[in-house]
Each structure stands twice: as C-alpha cells, then as structure tokens.
Amino acid sequence: MAGPDREIAAAIAERVAGAGIELVASLPDGWIAALIEEFEADARFDHIPVNREESAVGLCSGAFFGGRGSLALMGASGLMTCIYAITKINYTYMVPMTIFITMRGRLGDRAKFHVSNGLYLEPVMQSIDLPYTVIDRRDGLDEIGRAVAHSRTISRPVVVGFTRDLLYGESG
Amino acid sequence: MAMAMEACFAHLVERWTDQVVVTSAGNASEMWWKLTGETERVFYLEASMSLASLFAAGIAYGIPRANVWAFSGDGAFLMNPGMLTVERRLGLPNLTHFLVDNGVYGATFEVGMSDAGETDYAALARACGLRNVFRFGTLADLRDGMDEVERVNGEAFAVLEVEPLGGALPDPPMDGPECKFRFGRYLERTYGVRIFDARV
C-alpha cells in the first residue's frame, strides 16, 4: 500500500511557510509521516519533535510571546489529549495557535481503533467551540493561510483537519 | 535536606536582574507574586499541568537575547517528565528551568504525591541527556551554586529542594488576558518583537 503523498506534503508546507509559520512542533500519526519529514527537511522551518501533544501546545503558546509563528502538528487522537491544555492556556490567556490534525475515523480510514475518533472528534471540538476546517481536496489548501490568520483574529486556536484521501494523494 | 521555600525564592529574587519569568501553578506563582508583586516581567501560568517550562522554552526560542527562567512544581513535572527530552532537543542557551521539589501538591492543601517525594529529579534530567543539571538542598548550596547556573545558562535544569509551605498564599490578582497583555507588551517594548500586530 502506498504511503502518504510527498507532493501533497510539499504543497502543505508551502502554504504553511506562506502563512509565516517558522516553528513546527509535531508528534506523528501515520498519515502525516511525509509531512513531518517535509518540515524536518525544509530549512524554512525549525521542526521540533515533542514527547506528547500537550507539549506542543505549551511550546507553541510560548512561541507566540516570542513573536514567532508556530504550528502544532498531530493526529486526531493527540488533539483529544490536549483539551485541558487548550482550554487552560489558550482560552484562559487568549493565546492564538494553529493546530493541524488528521481527520481520523472518517470514511476511508481503515484503522478500527480510530472508530472513536470518527464518533467523537468533531463533537468534542464543537463542544468547546474550537473552530476547525477540514481540507479534503488539494484545491482547498489555501484554507491554511486563512486558518492561521483567523486564529490571530480571534486570539484562540484554530484547527485544520486533513483527510486521508488528501494526505495520500487520492483526492481531486 | 530542604530549604524554606520563602528563603529559597527570596534568594532568587535577589539575583533576578533582566530575566523573563514563567511560573507554574500554586506555590511558585504565589510566592513569586508575594515577593515581587511584579505584573509585567512574569507570566503566571496557572494550572497548566506541566507546561510552564515548555511555554517558557517557546519564549526563549523566539527571543534568543532574552534570558528566561521557568519554574515547575514537582507535581506538574511528574505529569510530563518527558518534557526534558524536548528541552534537550531545543538546547536553548537562554533557558533555565527550576524544579520546585517539595514532595507535595502545594496547590491542593499539600496532598502527597505518587512518588512520596522520593524521585531523584536531577538524575532523571541527566538520564534525559541534559548537560547542566544542579540540585540545591540548602540555602548555602543555592548561594554558592547560582553563579554557575547563570554562567552556563544553557539548557540548565536546577532542582530546588524546599520544605512544604504549610499553606496557600494569595494568587496573583490578574485574569488571563491582563497577564497576557502586560507580559506581551513588556516583551514588545523591551526586545522589539512584534507579538500582537504580527502578520502571522
């Protein structure tokens, strides 16, 4: 089975750089493996692998006060572990942040253990009024820059979710 | 061996010059507020459950000429000791991470911790590959050792062994947004960074 598409990863990285992001803090999900490698190899970014997703929330929130654009990159399950950190840091102190996740559990996900994300990921984001947008086609990648800008406008995190079809280069 | 927490922090306040400070929940925030009343050079990061040092690391990363002091409580630290691997990876020469080791959850009536205060945090830090690790159990040790902490000032990690405070102190009387803007404006004014009007 083919892995995540490197051309799509490069196209995403291009939009991220264009949005002024310099620091990328990541923890992997198989779907974003190529994207992580792209950030690691691209000299426009400082890529920092973190030990758990909450650490990315802490690091990126601090980077805001350092005047640096940052991105927390993780799987859907990782976001589910970050609810406390997001509400406590980013909501309490009104700190913007951009978070990329995988839209696990949607049609096309073949991992049975992500069924729970299919059931609860979006309801959880909605329950804490966490704005998110889902990109499932290559022609939707301009949403990335809009999401980064929107986070700054509302002084809160904004999530961008990518589908498997997009990340594997199987969408339009 | 352990120091009185107030005496320990009073010594750090005496040595405090231009460092930007990030405090964690409970006793560290309360004590720093009690001793300094500072509202601009300190970010009182309440109840982040282990993220104070990485929050501070983000600041240190963004502003290399700012020296940043971060305080973690041992209760928070045990929730996420893997943070040290990230700090090592970042290798920031302008970040000093103080771990306040009192063996109890100071923010919650000093309820005991899972490790019963037995963890050797300095050994843990060394095992994670941090190079500049310090452990201070007496005020004399702290007085003697802080010169070296400040001299290395690179991915420095210092364990402060202190006695439980014996009660809570008043919290800094600021809501989150006030803390954000006071601190952020200070950084903008002092270091010339663009935070609130950045294009990002």
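All of these numbers come straight from a predicted model, not from anything done at the bench. (Residues numbered from 1 in each chain as written. Chains lettered and ligands numbered in written order. Predicted model: local features only at pLDDT ≥ 70, side-chain atom pairs only at ≥ 80, totals over all residues. Heavy atoms only, no water.)

1. Quick look at the sheet that holds strand E8 (residues 156-161) of chain B
All names here are of chain B. Note the cut-off: For two strands to be treated as a pair, DSSP must find at least two bridges joining them. A run of H or I in DSSP becomes a helix once it reaches four residues, and a run of E becomes a strand once it reaches two; helices and strands are each numbered from the N terminus. Angles shown run from 0 to 180 degrees and are taken between the N-to-C directions of axes, each axis being a line fitted to C-alpha atoms and, for helices, limited to the stretch in contact. Note on definitions: a residue-residue contact is assigned when non-hydrogen atoms from the two residues lie within 4.5 Å.
Read across the open sheet, the six strands follow the order E2-E1-E3-E4-E8-E7; overall the sheet is parallel. Two strands in the sheet have a free side with no partner beyond their single neighbour: strand E2 (42-44) and strand E7 (132-136). Across the sheet, the mean angle separating the axes of adjacent strands is 15° when strand polarity is ignored. Across six bridges, the pairing between strand E4 (residues 95-101) and E8 is parallel. Bridge assignment links Asp101 to a residue of E8, and that residue is Glu161. Strands in contact with helix H8 (residues 176-191) are strand E1 (20-23) and E2; relative to E2, the strand with the most contacts, it is inclined by about 155°.

2. Focus on the sheet that holds strand E2 (residues 46-49) of chain A
Residue and element names in this part refer to chain A. The six strands are arranged E2-E1-E3-E4-E6-E5 in an open sheet whose pairing can be described as parallel. One side of each edge strand has no neighbouring strand; the edge strands of this open sheet are E2 and strand E5 (132-135). Averaged over all neighbouring strand pairs, the angle between strand axes comes to 20°, with direction disregarded. Pairing between strand E1 (residues 21-26) and strand E3 (residues 69-73): five bridges, direction parallel. Across the sheet, residue Ile21 finds its bridge partner in E3, namely Gly69. Sitting on the sheet, helix H7 (residues 143-154) is in contact with E1, strand E4 (97-102), E5 and strand E6 (157-162), with an inclination near 160° to E6.

3. What to know about the pairing of E3(A)
Residue and element names in this part refer to chain A. What counts is decided by this rule: Each residue's exposure class comes from its accessible area (1.4 Å probe, protein chains only) as a fraction of the maximum for that residue type: buried when under 20%, exposed when over 50%, partly exposed otherwise.
For E3, the tally of buried residues reaches five of five residues, placing the bulk of the element in the interior. Both faces of E3 are covered, namely the face carrying Gly69, Leu71 and Leu73 and the face carrying Ser70 and Ala72. In the sheet, E3 pairs with E4 via three bridges, with the strands oriented parallel. Paired with Leu73 across the bridge in E4 is Phe100.

4. Some thoughts on the interface of chain B and chain A
Filter applied, for reference: A 1.4 Å probe defines the accessible area here, and the buried area is the portion of it lost by two parts on being joined, summed over both. Each salt bridge in this description consists of a side-chain nitrogen of Lys or Arg and a carboxyl oxygen of Asp or Glu lying within 4 Å of one another. Two N or O atoms count as a polar contact when they lie within 3.5 Å, although within protein this holds only if one can serve as hydrogen donor and the other as acceptor, and sequence-adjacent residues are included solely when both atoms are side-chain atoms.
Between chain B and chain A, the contact holds 39 residues from the first and 37 residues from the second. Contact between chain B and chain A buries roughly 3000 Å² in total, counting both sides, with carbon and sulfur atoms accounting for 64%. Joining chain B to chain A, the criterion identifies one salt bridge. Residues Arg89(B) and Glu40(A) are paired through a salt bridge, measuring 3.8 Å at the closest nitrogen-oxygen approach. At the junction of chain B and chain A, the tally comes to ten residue pairs in polar contact (both at pLDDT 80 or more). Counting only elements with at least two residues in the side of chain B that touches chain A, the list comes to E2, helix H3 (52-62), helix H5 (83-90) and H8 of chain B.

5. Quick look at the packing of aromatic side chains
What counts here: Aromatic rings from Phe, Tyr and Trp, with only the six-membered ring used for Trp, were paired whenever their centres fell within 6.5 Å, and each pair was classed as stacked if the ring planes differed by under 30 degrees, edge-to-face if by over 60, and tilted otherwise.
Within this structure, the stated rule accounts for 22 aromatic pairs over all chains. Relative to Phe183(B), the ring of Phe65(A) lies with its centre 5.6 Å away and its plane at 65°, an arrangement referred to as edge-to-face. Pair noted here: Phe65(A) is in helix H3 (residues 53-65) and Phe183(B) is in helix H8, and the two residues belong to different chains. Judged by its relative accessible area of 0%, Phe183(B) is buried. Both rings, one in Trp32(B) and one in Phe71(B), keep their centres 5.2 Å apart while their planes meet at 45°; by these two values the pair is tilted. Residue Trp32(B) is found in helix H2 (residues 27-36), and its partner Phe71(B) is found in strand E3 (residues 68-73); the two are separated by 39 residues along the sequence.

6. A word on the side chain of Ser151(A)
All names here are of chain A. Summarising the element assignment, Ser151 is placed in helix H7. With relative accessibility at 1%, the residue Ser151 sits in the buried group. From its side chain, Ser151 meets the backbone oxygen of Arg156 in a polar contact 2.7 Å long. Not counting the four nearest positions on each side in its chain, Ser151 is found in contact with Pro96, Met97, Thr98, Arg156, Pro157 and Val158.

7. Considering the pattern of salt bridges
With the rule as written, the count across this model stands at 25 salt bridges over all chains. Residue Glu170(A) pairs with Arg164(A) through a salt bridge whose shortest N-O separation is 3.1 Å. We classify Arg164(A) as buried; its relative accessible area is 5%. Residue Arg182(B) is joined to Glu178(B) by a salt bridge in which the shortest nitrogen-to-oxygen separation is 2.7 Å. Highlighted residues: Arg182(B) and Glu178(B), both in helix H8, separated by four residues, approximately one helical turn. A residue is classified by how much of its surface remains accessible, and Glu178(B), at 34% relative accessible area, is partly exposed.

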